[in-house]
Amino acid sequence: MKYSKKKLLVCLFGFLLFSHKAVAFHPLNPVPHVDLERFMGPWYVIASIPTFIDRESFNAIESYELDKDGTVSTTFTFRKGSENGPKRTYRPRGFVKPDGSNALWGMQFIWPIKADYQIVYLDEDYTKVIVAREKRDLVWIMARTPHISEDEYQDLVRRIVEMGYSKSELRLTPQVWD
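No experiment lies behind these values; they were computed from the predicted model shown.

Participant: What should I look at first to understand the overall build of the protein chain in this one?
Facilitator: Looking only at helices and strands, one finds 3 helices and 10 strands in the protein chain. Counting from the amino terminus, the protein chain carries its helices and strands in the arrangement α-α-β-β-β-β-β-β-β-β-β-α-β. Among the 178 residues that make up the protein chain, the fraction classed as buried is 40%. Long-range contacts, defined as pairs at least 24 residues apart, comprise 53% of the intrachain contacts of the protein chain with a sequence gap of at least 6. Entry remark: accessible area of the protein chain is about 11200 Å², with carbon and sulfur atoms responsible for 58%.

Participant: Mind showing me how you'd approach the layout of surface pockets here?
Facilitator: The rolling of a water-molecule-sized probe over the atoms marks out the regions of remaining empty space. Quantified by volume, the largest pocket comes out at close to 440 Å³. Looking at the largest pocket, it is lined by 19 residues, and the ones nearest its centre are Thr 51, Phe 109, Ala 115, Leu 138 and Trp 140. When residues of the lining of the largest pocket are traced back to their parent elements, those giving at least two are β7 (115-122) and β9 (139-143). No other element matches β7, which puts 3 residues into the lining of the largest pocket. Tallied by class, residues from the lining of the largest pocket come to 13 nonpolar, 1 polar and 5 charged.

Participant: How do you make sense of the packing of aromatic side chains when you look at a structure like this?
Facilitator: In the structure shown here, the tally under the stated rule is 9 aromatic pairs. Seen from their ring centres, Tyr 64 and Trp 105 are 5.4 Å apart, and the 85° between their planes marks the pair as edge-to-face. Pair noted here: Tyr 64 is in strand β2 (residues 57-66) and Trp 105 is in strand β6 (residues 104-108), with a separation of 41 residues, a long-range link. No difference in accessibility class separates Tyr 64 from Trp 105, as the two residues are buried. An angle of 75° between the planes, with centres 6.4 Å apart, marks the rings of Tyr 64 and Tyr 117 as edge-to-face. Of this pair, Tyr 64 sits in strand β2 while Tyr 117 sits in strand β7, and the two are 53 residues apart along the sequence. Judged by its relative accessible area of 4%, Tyr 64 is buried. Taken together, the ring pairs connect Phe 39, Trp 43, Tyr 64, Trp 105 and Tyr 117 into an aromatic cluster. It is Lys 114 that lies over the ring of Phe 95; its NZ or CZ is 4.1 Å from the centre.

Participant: Honestly, the side chain of Thr 173 in this entry has me stumped. Any pointers?
Facilitator: Its place among the elements puts Thr 173 in the segment after β10 (171-172). For Thr 173, a relative accessible area of 6% corresponds to the buried category. Excluding its chain neighbours within four sequence positions, the residues that come into contact with Thr 173 are Val 45, Ile 46, Ala 47, Ser 48, Ser 57 and Ala 60.

Participant: What exactly am I supposed to notice about the pattern of salt bridges here?
Facilitator: Pairs can form between side chains of opposite charge once their charged atoms are near each other. What the rule picks out here adds up to 9 salt bridges. Linking Arg 133 and Asp 137 is a salt bridge whose minimum nitrogen-to-oxygen distance equals 2.8 Å. Overall, the relative accessible area of 10% leaves Arg 133 in the buried class. Because the salt bridges share partners, they merge into one network encompassing Asp 155, Arg 158, Arg 159 and Glu 162.

Participant: Is there a simple way to explain helix α3 (residues 150-162) in this structure?
Facilitator: The end-to-end C-alpha distance of α3, which contains 13 residues, comes to 18 Å, matching closely the 18 Å that a straight helix rising 1.5 Å per residue would cover. Looking only at α3, the buried set comprises Tyr 153, Leu 156, Val 157 and Ile 160. Down the axis of α3, the smallest arc covering the buried residues is 100°, so these residues share one side. With respect to the buried face of α3, the exposed residues turned more than 90 degrees away are Asp 151 and Glu 162. Along its buried surface, α3 packs onto β1 (41-49), β7, β8 (128-132), β9 and β10. At the exit of α3 stands Gly 164, carrying a positive phi of roughly 110°.

So, how was this worked out
- Residues numbered from 1 in each chain as written.
- Predicted model: local features only at pLDDT ≥ 70, side-chain atom pairs only at ≥ 80, totals over all residues.
- Heavy atoms only, no water.
- Helix = DSSP H or I, 4+ residues; strand = E, 2+ residues; numbered from the N terminus.
- Buried < 20%, exposed > 50% of the residue type's maximum accessible area, 1.4 Å probe, protein only.
- Contact = heavy atoms within 4.5 Å.
- Areas by Shrake-Rupley, 256 points an atom, 1.4 Å probe, with all protein chains shown as cover.
- 1 Å grid on protein atoms, 1.4 Å probe; cavity = no way out; pocket = protein on both sides within 12 Å on 5 of 7 lines; lining within 4 Å.
- Points joined across faces, edges and corners; volume = space filled by probe spheres on them.
- Nonpolar A, V, L, I, M, F, W, Y, C, P; charged D, E, K, R; others polar.
- Phe/Tyr/Trp six-rings, centres within 6.5 Å; stacked < 30°, edge-to-face > 60°.
- Lys NZ or Arg CZ within 6 Å of the ring centre and 35° of its normal.
- Salt bridge = Lys/Arg side-chain N within 4 Å of Asp/Glu carboxyl O.
- Expected span 1.5 Å × (residues − 1).
- Arc of directions from axis to C-beta.

In structure tokens form, the structure reads like this:
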């Protein structure tokens, strides 16, 4: 029996299409409104599903400053490998999407790519936040202080898991300050 290349490719495509487990998520629900002036300033990274850049981060802080043109100047700093490790600094730019909520941003590390950045939880005091992505590949729990209570942390983790994230992928970010 001889099969044509076209038939083999169609069979292979069908096998790949139907044999892998597809994961469908409900769309994230960003917060209804973010007061950008209140949101600006430093946020300590409490935990995250990190990027390749910050997998070994200590003392991670993300700071935001609203520029006159409406973009957000962002400074992400951390120590690599330990609290005394080399300091790393990245300066992405946030682009607030014009939907009126100020909760949907594009975060640009490299032009022209703007990564999905959604504020999906923000307490009324602007002291704790969850930033998530539709892909459920990255997430950040941040706070205005380097530490939060265990109860507060577990509540935020519960929220993340309810969004479809895996708890096992979360990494607590060591915050060691003298």
